[in-house]
Amino acid sequence: MKRLFLISLVFAVTSVTACEQHDDPVLSGQHGQTTGDEDDNNGNGETDMENNTIRLTVNDRSFTATLVENSSTEALKERLSQGDIRIRMNDYGDMEKVGSLGFSFPRNDVQTTTGPGDLILYQGNSLVIYYDTNSWSFTRLGHVDGVSTREEMLALLGGTGEITLTLSLNKNQNED
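Reading the values: rules and limits
Residues numbered from 1 in each chain as written. Predicted model: local features only at pLDDT ≥ 70, side-chain atom pairs only at ≥ 80, totals over all residues. Heavy atoms only, no water. Helix = DSSP H or I, 4+ residues; strand = E, 2+ residues; numbered from the N terminus. Polar contact = N/O pair within 3.5 Å; in protein donor to acceptor, adjacent residues only side chain to side chain. Contact = heavy atoms within 4.5 Å. pLDDT = per-residue confidence, 0-100. Salt bridge = Lys/Arg side-chain N within 4 Å of Asp/Glu carboxyl O. Buried < 20%, exposed > 50% of the residue type's maximum accessible area, 1.4 Å probe, protein only. Pairing = 2+ DSSP bridges. Core = buried A, V, L, I, M, F, W, Y, C linked by side-chain atoms within 4.5 Å.

Participant: How should the side chain of Thr112 be read in this particular structure?
Facilitator: Its place among the elements puts Thr112 in strand 5 (residues 110-114). A polar contact is formed between the side chain of Thr112 and the backbone oxygen of Val110, at a distance of 2.7 Å. For Thr112, the contacting residues outside a window of four places in its chain are Asn134, Ser135, Trp136, Phe138 and Arg140.

Quick look at the structure:
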């Protein structure tokens, strides 16, 4: 009887711990995928995030975003390896800038609550950069590094109004 109790206890603790580690789709990847950190370990316990960083440029301002891992971001990185992507973007709903890519990427839609700095793929063919919150079924692509407020994101985007955004791989990625 003690043995059955111990086995049940170990199973319960393992199940709870596993659920806690994968509740956040940003941390765990979309649709239960892992982030791939296990394979990207550089030997000292740190993850090499350079392979998941892209550069965004608006006017003369450049900044970076770290991508999540899913088939959408893999397709984005593959496309960027062929050259930069330029997107004309407009404000929508006083919460986001959205622009058509002119082509489609695989979708990994899941109910998502966005925040300032989130990069989202909408309907497989539009890029959205959030400067406020929203909740819908989207494909999360990543997050602009160092951004946590509406004001910070709007400052990088040059405020409200139409912009042209250029997406590119970081130079370190182009050398791979």
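Participant: What is the right way to read the confidence of the model for the protein chain from this model?
Facilitator: Detailed reading of the predicted model is not advised wherever pLDDT is low. When pLDDT is averaged along the protein chain, the result is 78; 68% of the residues meet or exceed 70. Here residues 1-49 is a poorly scored stretch, pLDDT under 50, and it has 29 contacts once near neighbours within four places are set aside; other chains count.

Participant: Can you help me understand the pattern of salt bridges in this one?
Facilitator: Pairing is possible between side chains of opposite charge, provided their charged atoms come close. Inspection of every chain in the model, using the stated rule, returns eight salt bridges. Of the charged contacts in the structure, one is a salt bridge between Asp91 and Lys97, with a shortest N-O distance of 3.0 Å. Judged by its relative accessible area of 0%, Lys97 is buried. A cluster of three or more residues bridged by salt bridges with shared partners is formed by Asp94, Asp132 and Arg150.

Participant: Just checking my understanding: could you explain the pairing of strand 3 (residues 85-92) for this structure?
Facilitator: A regular strand places its side chains on the two faces of the sheet in alternate fashion. Bridge analysis of strand 3 against strand 9 (residues 163-169) gives five bridges, and the strand direction is antiparallel. When the bridges of strand 9 are listed, Met89 appears paired with Ile163. Where strand 3 hands over to strand 4 (residues 96-100), the hairpin turn is made up of three residues, of which Gly93 adopts a positive phi near 65°.

Participant: Even after reading the chapter, I still don't get the side chain of Lys97, so can you show me in this structure?
Facilitator: Within the secondary structure, Lys97 sits in strand 4. Within the structure, Lys97 has its side chain in polar contact with the backbone oxygen of Gly159 (distance 3.2 Å). The residues contacting Lys97, other than those within four sequence positions of it, are Met89, Asn90, Asp91, Leu127, Val128, Ile129, Tyr131, Leu157, Gly159, Thr160, Gly161 and Ile163.

Participant: It is not clear to me how the nonpolar core should be interpreted in this structure. Could you clarify?
Facilitator: Considering soluble globular proteins, one finds that nonpolar side chains tend to be buried as a cluster. In this structure, Ile54, Leu56, Leu165 and Leu167 are the most contacted members of the largest nonpolar core, which totals 29 residues. The element that contributes the greatest number of residues to this core is strand 9, accounting for four residues. Contacts of Leu167, omitting those with residues within four sequence positions, involve Ile54, Arg55, Leu56, Leu76, Leu80, Asp84, Ile85, Ile87 and Leu127. Met95, Val128, Tyr130 and Phe138 belong to the second-largest nonpolar core, a separate cluster that totals five residues.

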